[in-house]
Amino acid sequence: MVKITDDIKYIGVSDRTLDLFESQYIVPNGMAYNSYIIFDEKIAIMDTADKRVGDKWLENLKDELGGKTPDYLVLHHIEPDHSGSIAAVTELYPDITIVCSAKAKQMLPQFCDVDMDKVVAVAEGEKLELGAHTLTFIMAPMVHWPEVMMSYDEKDRVFFSADAFGKFGAIDADEGWSCEARRYYFNIVGKYGAQVQAVLKKATAFDIDVICPLHGPILTDTIPEVLDLYNTWSAYEPENEGVFIAYASIHGNTAGAAEKMKEILEAKGCPRVAIADLSRDDIAECVEDAFRHSTLLCMASSYDAGVFAPMSDFIHHLKSKAFQNRRVALVENGSWAPSAIRTMKAEFEQMKNITFAEKTVTIKTTVKDADIAALEELADEIK
């Protein structure tokens, strides 16, 4: 078991058999479903876990309780991956009191059958006294569901952050925090930057030694860096100056042009250049890279008087996650009726604070010397 403090224990479960989180995000290192217990005069369980790991989670709960009876079940977030074992807990401990936000109380019957007389709704700033430990509740609507709340334990200075500050991967995955946390943030929480900014203002008012998210590792020494990254991400500011080249190629000619553009940008001293094949690479990583860099270069084949579907899908993902505050450059390939630039630009024009590169490039089938010269000019503008 992971130890949080002397009184706070970890009872979560990592699922390494999961291939797609939320049936859409590739998780090569599985997923952690975190849950905790606070032991005091009153005992509080902090969230449950997904039904996929329900049996193991209940085993962890019983082992840690050692025959003791919990008094409270605190629900920070009732999405199914965290509420999947509520019914099992209330069946085992019928006198337990469920503590949640008012919105969560309203939604709870959608997820499980519980005695609603034993459900207590709390509001912003309300406290739950456990003995030496006192929980202060912080409402966090739309980070990333409407019922979300967080809590702060004053004694051990532990912040229970719901889905915020989480990441993909098992809790013991041998990888750094930022890469999979970034992919997690922009694809799951990214649309709600304003709400994250509001929660960050609340969180920084507390003296936090430990962050306990519902996914990913327990955070301690890296808290300042984590908060700083969340501030950058939720403000929709680029994390890195540089260019992300996202291309959608049918027969390989646009792919060749994209690789050539990468060479040109690097030769011209662009501080950072990343590239992705939208037909083959993980779309969630592509979304992450688009938000990470200051400039997005979209290079796509024209298709059916529009743009090749992988690019259309990518731009749709960006739009749904509130992509904004970026420079966008456009390159198209069209053998007989170039239409990709017009189509892509129309989509980006619906997003906030998008600045377009003045130079655009139209390639007709294969890349020729004149096309390389045009790419050189575009690189000079966006490097």
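For the structure, see preceding data.
For clarity, every value in this text was computed on a predicted model and none was experimentally measured.

Visitor: Would you explain the pairing of strand 17 (residues 273-277) in this entry?
Guide: Consecutive side chains along a regular strand alternate between the two faces of the sheet. In terms of burial, strand 17 is largely enclosed, as 4 of its 5 residues are buried. A crossover connection joins strand 16 (residues 240-248) to the parallel strand 17 through helix 8 (residues 253-267); in handedness this β-α-β unit is right-handed.

Visitor: Please clarify how helix 1 (residues 54-65) should be interpreted in this entry.
Guide: It helps to recall that an α-helix has 3.6 residues per turn; residues three or four apart then point in one direction. An ideal rise of 1.5 Å per residue puts 16 Å on 12 residues; helix 1 measures up with 16 Å between its terminal C-alpha atoms. Of all the residues in helix 1, the buried ones are Gly54, Trp57, Leu58, Asn60, Leu61 and Leu65. End-on, the buried residues of helix 1 take up no more than an arc of 160°, which puts them together on one face. Relative to its buried face, helix 1 has exposed residues pointing more than 90 degrees away, namely Asp55 and Asp63.

Visitor: Even after reading the chapter, I still don't get the layout of surface pockets, so can you show me in this structure?
Guide: Rolled over the atoms, a probe with the dimensions of a water molecule shows which regions are left empty. Taken as a whole, the largest pocket holds about 320 Å³ of empty space. The set of elements that each furnish at least two residues to the lining of the largest pocket consists of helix 8 and strand 18 (293-303). Residue contributions to the lining of the largest pocket peak at 3 residues, all from strand 18. Its residues placed into classes, the lining of the largest pocket shows 5 nonpolar, 12 polar and 1 charged. Looking at side-chain class alone, the lining of the second largest pocket contains 7 nonpolar, 2 polar and 2 charged residues.

Visitor: Would you mind showing me how to read the sheet that holds strand 10 (residues 119-122) here?
Guide: Across a sheet, strands are paired by hydrogen bonds formed along the backbone, either parallel or antiparallel in direction. Pairing is mixed in the open sheet, where 6 strands are placed in the order 1-6-7-8-9-10. Where the open sheet ends on each side, the last strands, each with one partner, are strand 1 (8-10) and strand 10. Neighbour-to-neighbour, the strand axes of the sheet open up by a mean angle of 25°, direction not taken into account. As paired elements, strand 9 (residues 97-101) and strand 10 share 4 bridges and run parallel to each other.

Visitor: Whenever I open this one, the nonpolar core confuses me. Can you help?
Guide: Generally speaking, a soluble globular protein has its nonpolar side chains buried in company with each other. Of all hydrophobic cores here, the largest spans 95 residues; its most connected members are Leu61, Phe165, Leu296, Met311, Phe314, Phe323 and Phe348. No other element matches the 7 residues that helix 5 (residues 177-189) contributes to this core. With residues near it in sequence (within four places) discarded, phenylalanine 314 still touches Phe244, Ala246, Leu278, Ile283, Cys286, Val287, Ala290, Leu296 and Cys298. In this structure, Ile245, Ala258, Met261 and Ala374 belong to the second largest nonpolar core, which totals 23 residues.

Visitor: Help me understand the sheet that holds strand 13 (residues 149-153) in this model?
Guide: Reading across the sheet, the 5 strands line up as 11-12-13-14-15 and stay open at both edges, with mixed pairing between neighbours. Either end of the sheet is taken by a strand with one partner, and the two such strands are strand 11 (127-129) and strand 15 (210-212). Between one strand axis and the next, the sheet turns by 20° as a mean value, whatever way the strands run. When strand 11 meets strand 12 (residues 134-139), the two strands line up antiparallel, connected through 3 bridges. For glutamate 129, the partnering residue across the bridge sits in strand 12 and is threonine 134.

Visitor: In this structure, what is going on with the environment of phenylalanine 186? I would like to understand it.
Guide: Along the polypeptide, phenylalanine 186 turns up in helix 5. The spatial distance from the C-alpha of phenylalanine 186 to the C-alpha of alanine 290 is 9.7 Å, given a sequence separation of 104 residues. Here phenylalanine 186 is in contact with Trp233, Val287, Glu288, Phe291 and Lys321, once residues within four sequence places are set aside.

Visitor: I would appreciate a short explanation of the packing of aromatic side chains in the present structure.
Guide: Applying the stated criterion across every chain yields a total of 21 aromatic pairs. Sitting over the ring of phenylalanine 356, lysine 345 keeps its end group 5.2 Å from the ring centre.

Visitor: Which parts of the structure should I look at to understand the state of the cysteines?
Guide: By definition, a disulfide is the covalent link that joins the sulfur atoms of two cysteine residues. For the coordinates displayed, the defined rule picks out 0 disulfides. Left without a disulfide partner, cysteine 112 is nearest to the cysteine sulfur of cysteine 100, which lies 10.0 Å away. By relative accessible area, cysteine 112 is classed as buried at 9%.

Visitor: Explain helix 9 (residues 283-292) to me, please; I cannot follow it from the model alone.
Guide: In terms of burial, helix 9 is largely enclosed, as 8 of its 10 residues are buried. Listing the buried residues of helix 9 in full gives Ala284, Cys286, Val287, Glu288, Asp289, Ala290, Phe291 and Arg292. The backbone nitrogen of alanine 284 lies 3.1 Å from a side-chain oxygen of the residue at the head of helix 9, namely aspartate 282.

Visitor: I keep staring at empty space enclosed by the protein and nothing clicks. Help me out?
Guide: In the structure shown here, the tally under the stated rule is 1 cavity of 30 Å³ or more. Residue lining of the largest cavity: Val143, Ala164, Phe165, Val196, Val199, Leu200 and Tyr230, and that is the complete set. In the lining of the largest cavity, the residues fall into 7 nonpolar, no polar and no charged.

Visitor: Would you explain the pattern of salt bridges in this entry?
Guide: Any two side chains of opposite charge can pair, so long as their charged atoms come close to each other. Counted according to the given criterion, the structure contains 21 salt bridges. Residue arginine 52 pairs with aspartate 15 through a salt bridge whose shortest N-O separation is 2.7 Å. Highlighted residues: arginine 52 in the loop between strand 7 (44-46) and helix 1 and aspartate 15 in strand 2 (residues 13-15), separated in sequence by 37 residues. On the basis of relative accessible area, arginine 52 is assigned to the partly exposed category, the value being 47%. Members of the salt-bridge network, linked through shared partners, are Asp7, Lys155 and Asp156.

Each value, and the rule that gives it
- Residues numbered from 1 in each chain as written.
- Predicted model: local features only at pLDDT ≥ 70, side-chain atom pairs only at ≥ 80, totals over all residues.
- Heavy atoms only, no water.
- Buried < 20%, exposed > 50% of the residue type's maximum accessible area, 1.4 Å probe, protein only.
- Helix = DSSP H or I, 4+ residues; strand = E, 2+ residues; numbered from the N terminus.
- Right-handed = clockwise from strand over helix to strand, strands pointing away.
- Expected span 1.5 Å × (residues − 1).
- Arc of directions from axis to C-beta.
- 1 Å grid on protein atoms, 1.4 Å probe; cavity = no way out; pocket = protein on both sides within 12 Å on 5 of 7 lines; lining within 4 Å.
- Points joined across faces, edges and corners; volume = space filled by probe spheres on them.
- Nonpolar A, V, L, I, M, F, W, Y, C, P; charged D, E, K, R; others polar.
- Pairing = 2+ DSSP bridges.
- Axes fitted to C-alpha atoms, helices over the stretch in contact; angles between N-to-C directions.
- Core = buried A, V, L, I, M, F, W, Y, C linked by side-chain atoms within 4.5 Å.
- Contact = heavy atoms within 4.5 Å.
- Phe/Tyr/Trp six-rings, centres within 6.5 Å; stacked < 30°, edge-to-face > 60°.
- Lys NZ or Arg CZ within 6 Å of the ring centre and 35° of its normal.
- Disulfide = S-S within 2.5 Å.
- Polar contact = N/O pair within 3.5 Å; in protein donor to acceptor, adjacent residues only side chain to side chain.
- Salt bridge = Lys/Arg side-chain N within 4 Å of Asp/Glu carboxyl O.

Purely geometric numbers; function is a separate question.
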